[in-house]
Amino acid sequence: MNRIPVCIFDPSRTAFENGYLFCDGDDVLDVRTDSTSPGGLYICPGLIDSHAHVYPGVTELGVCADDVGIAQGVHLVVDAGSAGAITLPCFRDVIAPACGTQIKAFLHISKIGFVTKQPYADPRFLDAGLAADTIRRDTGGFLVGLKVCSSGTIVENVGLAPLEQTVRAAELAGCRMMVHLAEGPPSNGQTLPMLRRGDIITHVFHGAFLREASLRANRGAQPLQEYCKLDNLLWDSRGAPVKELEQAIERGVRLDVGHGAASFDKEIAARVIAAGFRDFSISTDVHVRNISGVVRGMPDTISKFLALGMTLPEVIRSVTVLPAENLGLKDWCGNLQTRATIFRLRPVRADDVPLTDAYGREIETERRFESAAVIRKGKLQVLNGAAAAL
């Protein structure tokens with residue numbers, strides 16, 4: 001039997017305690033705190049990426065879930081609206097079961113989903129009744145809610161219609177929404193008051209609209225000025241929420257990072273963190289247009305938030321406890337013996353790809369997050385050639 005010294009995350013205290021991981025080969029026997037342990041690798045509940053796009057082949061954005069999931073220490077990848085009602089069956093019944101990484105999904109209000117980045121180009125794609133019925137019929141728990149984009153370059157001339165239809169569908173189905181907010185019109189004053197307790201705003205640290213970032217996110221398609229006249233920033237220059245966001249937070253609306261190719265401004269995130277705000281889930285919004293660029297995956301995204309001033313326990317809370325709460329996963333942070341991510345913080349190496357925000361600005365750091373192993377159904381699986389560390 002191997003006794004491996006570790007630092008164990010306690011979700012109830014948002015803190016690490018020294019202890020041991022006990023293994024017999026790849027069988028995990030116990031994970032136990034022990035004040036005599038010198039500590040070592042870190043162990044926490046399985047990481048959750050609560051905003052990604054993992055429906056390849058059918059959609060414009062999809063990447064393979066295993067490439068950004070279990071290979072990076074992420075146990076659950078939540079797809080944010082790649083599938084709509086008519087494209088869901090292939091995703092849920094064919095693509096997802098073939099992956100080693102667990103997948104859940106938000107259903108897009110557009111019945112075609114992200115087959116195209118213009119999912120509302122035909123207003124007939126918006127069908128609240130069909131969306132609600134699809135949610136109700138999903139008895140296996142694959143769907144966790146509805147997804148809608150309400151930013152100008154995606155909604156174009158249909159304005160608030162997608163969000164209005166999503167609210168209607170969510171009320172019919174009794175579910176949460178994930179709402180993509182960025183440039184406008186529509187304005188914050190129009191969209192934010194429509195969100196309800198338990199709904200999730202993604203891209204909360206988006207910055208001013210930048211044409212270069214938009215071109216990168218949209219394969220060179222030129223945005224029309226009329227659709228990006230408003231920056232719709234969610235935080236002021238002190239890192240405090242703007243009035244409409246403050247009111248939404250008071251109503252119980254939840255926040256998600258959704259880094260993406262054009263939706264993460266390091267200066268805004270740093271100000272908000274410095275102001276003491278920590279209640280947001282950290283997610284990648286990884287897809288084909290950023291997986292080899294500004295996002296890469298969850299380890300790099302975690303490293304960015306450590307560099308921007310969050311403590312390690314705070315960051316781990318934002319990729320385990322908070323997304324589990326947002327998605328209603330009541331037992332996610334339970335027994336580490338059956339599901340966990342084991343990781344280390346290592347010094348920066350000369351061959352590391354620099355960390356940047358979505359605008360290409362470098363985020364300097366002295367340490368990087370690196371997943372070393374996962375525990376799945378009581379079995380230890382080593383990642384990234386980390387066998388020597390175990």
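For the structure, see preceding data.
Predicted model, so just to flag it, every value in this text is computed and none were measured. (Residues numbered from 1 in each chain as written. Predicted model: local features only at pLDDT ≥ 70, side-chain atom pairs only at ≥ 80, totals over all residues. Heavy atoms only, no water.)

### Some details on the overall build of the protein chain
- Looking only at helices and strands, one finds 12 helices and 14 strands in the protein chain.
- Here the C-alpha atoms of the protein chain give a radius of gyration of 20 Å, agreeing with the 21 Å that 2.2 N^0.38 yields for 390 residues.
- Along the longest, intermediate and shortest principal axes, the C-alpha atoms of the protein chain span 65 × 45 × 40 Å.
- Relative to its 390 residues, the protein chain shows a buried fraction of 58%.
- The long-range share in the protein chain, meaning contacts at least 24 apart out of those at least 6 apart in sequence, stands at 73%.
- If you average the places of the 41 positive and of the 45 negative side-chain charges in the protein chain, the two averages end up 2 Å apart. (Helix = DSSP H or I, 4+ residues; strand = E, 2+ residues; numbered from the N terminus. Rg over C-alpha atoms; globule rule 2.2 N^0.38 Å. Buried < 20%, exposed > 50% of the residue type's maximum accessible area, 1.4 Å probe, protein only. Contact = heavy atoms within 4.5 Å. Lys, Arg positive; Asp, Glu negative; His and termini not counted. Charge placed at Lys NZ, Arg CZ, Asp CG, Glu CD.)

### Structural notes on the packing of aromatic side chains
- Inspection of every chain in the model, using the stated rule, returns 15 aromatic pairs.
- Judged by centre distance (6.4 Å) and plane angle (75°), the ring pair of Phe16 and Phe343 falls under edge-to-face. Within this pair, whereas Phe16 is found in strand β2 (residues 15–24), its partner Phe343 is found in strand β12 (residues 339–347), the two being separated by 327 residues in sequence. The burial state of Phe16 is the same as that of Phe343; both residues are buried. (Phe/Tyr/Trp six-rings, centres within 6.5 Å; stacked < 30°, edge-to-face > 60°.)

### Here we look at the pairing of β2
- The buried fraction of β2 is high, at seven of 10 residues.
- Pairing analysis gives nine bridges linking strand β1 (residues 2–10) to β2, with the strands arranged antiparallel. Of the residues in β2, the one forming a bridge with Ile8 is Glu17.
- Here β1 folds back onto β2, and the loop between the two strands holds four residues, one of which, Thr14, carries a positive phi near 50°.
- With six bridges joining them, β2 and strand β3 (residues 27–33) adopt antiparallel strand pairing. (Pairing = 2+ DSSP bridges.)

### Looking at the nonpolar core
- In this structure, Ile201, Phe205 and Phe305 are the most contacted members of the largest nonpolar core, which totals 87 residues.
- At five residues, the largest contribution of residues to this core is made by helix α5 (residues 161–173).
- Excluding residues that lie within four positions of it along the chain, Phe205 makes contacts with Trp235, Val257, Ser263, Phe264, Asp265, Ile268, Ala269, Val272, Phe280 and Phe305.
- Core analysis: the second largest hydrophobic core is formed by 15 residues, Ile43, Leu336, Ile342 and Leu380 among them. (Core = buried A, V, L, I, M, F, W, Y, C linked by side-chain atoms within 4.5 Å.)

### Points about the sheet that holds strand β7 (residues 102–108)
- Taken in spatial order, the seven strands make up an open sheet running β5-β6-β7-β8-β9-β10-β11, and their pairing is parallel. Each having just a single partner strand, β5 (47–52) and β11 (254–256) make up the two edges of the open sheet. Averaged over all pairs of adjacent strands, the angle between strand axes in this sheet comes to 25°, irrespective of strand direction.
- Relative to strand β10 (residues 200–202), strand β9 (residues 177–180) runs parallel, the two being bridged by three bridges. Paired with Val179 across the two strands is Ile201, which belongs to β10. (Axes fitted to C-alpha atoms, helices over the stretch in contact; angles between N-to-C directions.)

### Focus on the state of the cysteines
- Enumeration according to the criterion identifies zero disulfides in this entry.
- As a non-bridged cysteine, Cys99 has Cys64 as the owner of its nearest cysteine sulfur, 5.2 Å distant.
- The exposure class of Cys99 is buried, given its relative accessible area of 18%.
- Lacking any disulfide linkage, Cys175 is separated from the closest cysteine sulfur, that of Cys149, by 16 Å. (Disulfide = S-S within 2.5 Å.)

### Side note on unusual backbone geometry
- Looking along the chain, the bond that leaves Gly184 and enters Pro185 is cis, with omega of 15°.
- Mapped onto the fold, Pro185 is located in the loop between β9 and α6 (188–191).
- Residue Pro186 is reached from Pro185 by a cis peptide bond, and omega for that bond is 5°.
- The topology assignment puts Pro186 in the loop between β9 and α6.
- Positive phi, close to 50°, is recorded for Thr14, a residue that is not glycine.
- Position of Thr14 relative to the elements: it lies in the loop between β1 and β2.

### Considerations on the pairing of β12
- Sheet topology places strand β4 (residues 41–44) next to β12; three bridges connect them, and they run antiparallel. When the sheet's bridge partners are listed, Cys44 is paired in β12 with Thr341.
- Where β12 meets strand β13 (residues 367–376), nine bridges bridge the pair, whose relative direction is antiparallel. Bridging from a neighbouring strand, Arg344 pairs with Glu370 of β13.

### Some points on α5
- Along its 13 residues, α5 runs 18 Å from first to last C-alpha, staying within 8% of the 18 Å computed at 1.5 Å per residue.
- Turning to α5, its buried residues are Pro162, Leu163, Thr166, Val167, Ala169, Ala170 and Ala173. Along the axis of α5, the buried positions cluster into a sector of 170°, meaning they face one direction only.
- On the buried face of α5, the contacting elements are α3 (128–137), β8 (143–149), α4 (152–155), β9 and α6.
- Of the residues trailing α5, Gly174 is marked for its positive phi of about 70°. (Expected span 1.5 Å × (residues − 1). Arc of directions from axis to C-beta.)

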